[in-house]
Amino acid sequence: MPHFDVFAEAFSAATTVPAHLEPRTITVAGTPGSFVWTPAAGTLLDAALAAGIGLPSGCRVGQCESCIVRVLSGECAHLVAFEGEADRCLTCQAVPVTDLVLAP
Ligand code: FES
């Protein structure tokens with residue numbers, strides 16, 4: 001196989017979460033219960049998966065921004081530049097700054 005037919009792409013996101021952030025309660029609409037996010041839990045996506053709540057994501061398979069969800073209430077902060085709509089959140093790159101209700 002010719003070398004130019006073989007290529008690799010690496011997908012990653014900043015995951016350095018500021019340690020001074022306060023714990024927040026995260027609710028995902030349509031799922032039972034909620035979970036408490038802490039800085040040690042990482043991004044919203046990592047924390048949700050650790051809590052047993054499946055959220056959409058696809059960075060690891062080349063489908064960036066597939067983790068986008070709507071913020072029904074509360075506010076998140078992105079760890080990287082984000083130019084999307086104010087009520088959208090890329091969960092693999094964001095942390096909560098208030099309690100949140102998300103709609104996947
Ligand atoms: S899944 Fe790639 S930006 Fe979140």
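Quick caveat: nothing in here was measured; it's all calculated off a predicted structure. (Residues numbered from 1 in each chain as written. Predicted model: local features only at pLDDT ≥ 70, side-chain atom pairs only at ≥ 80, totals over all residues. Heavy atoms only, no water.)

Observations regarding the pairing of strand 7 (residues 100–103)
Then comes step 1: Note that strand 1 (residues 24–28) and strand 7 share 3 bridges and pair parallel. Bridging from a neighbouring strand, V28 pairs with L102 of strand 7.
Then comes step 2: Two strands pair when backbone bridges link them, and strand 3 (residues 68–73) and strand 7 are joined in this way by 3 bridges, in the antiparallel orientation. Bridged to S73 within strand 7 is V101. (Pairing = 2+ DSSP bridges. Helix = DSSP H or I, 4+ residues; strand = E, 2+ residues; numbered from the N terminus.)

So, the environment of E75
Then comes step 1: Secondary-structure assignment places E75 in the loop between strand 3 and strand 4 (76–78).
Then comes step 2: In contact with E75, other than residues within four places in its own chain, are P96, V97, T98, D99 and L100. (Contact = heavy atoms within 4.5 Å.)

Notes on the nonpolar core
Then comes step 1: Counting residues in hydrophobic clusters, the biggest one holds 24 residues, and the most contacted among them are I26, F35, W37, L44, C76, C89 and L100.
Then comes step 2: Counting only elements with at least two residues in this core, the list comes to strand 1, strand 2 (34–37), helix 1 (44–50), strand 3, strand 5 (88–90), strand 6 (94–96) and strand 7.
Then comes step 3: With 4 residues, helix 1 is the single largest residue contributor to this core.
Then comes step 4: If we ignore the near neighbours within four places in the chain, the residues touching C76 are L44, V71, C89, A94, V95, P96, V97 and L100. (Core = buried A, V, L, I, M, F, W, Y, C linked by side-chain atoms within 4.5 Å. Buried < 20%, exposed > 50% of the residue type's maximum accessible area, 1.4 Å probe, protein only.)

Nothing here speaks to function; it is all geometry.
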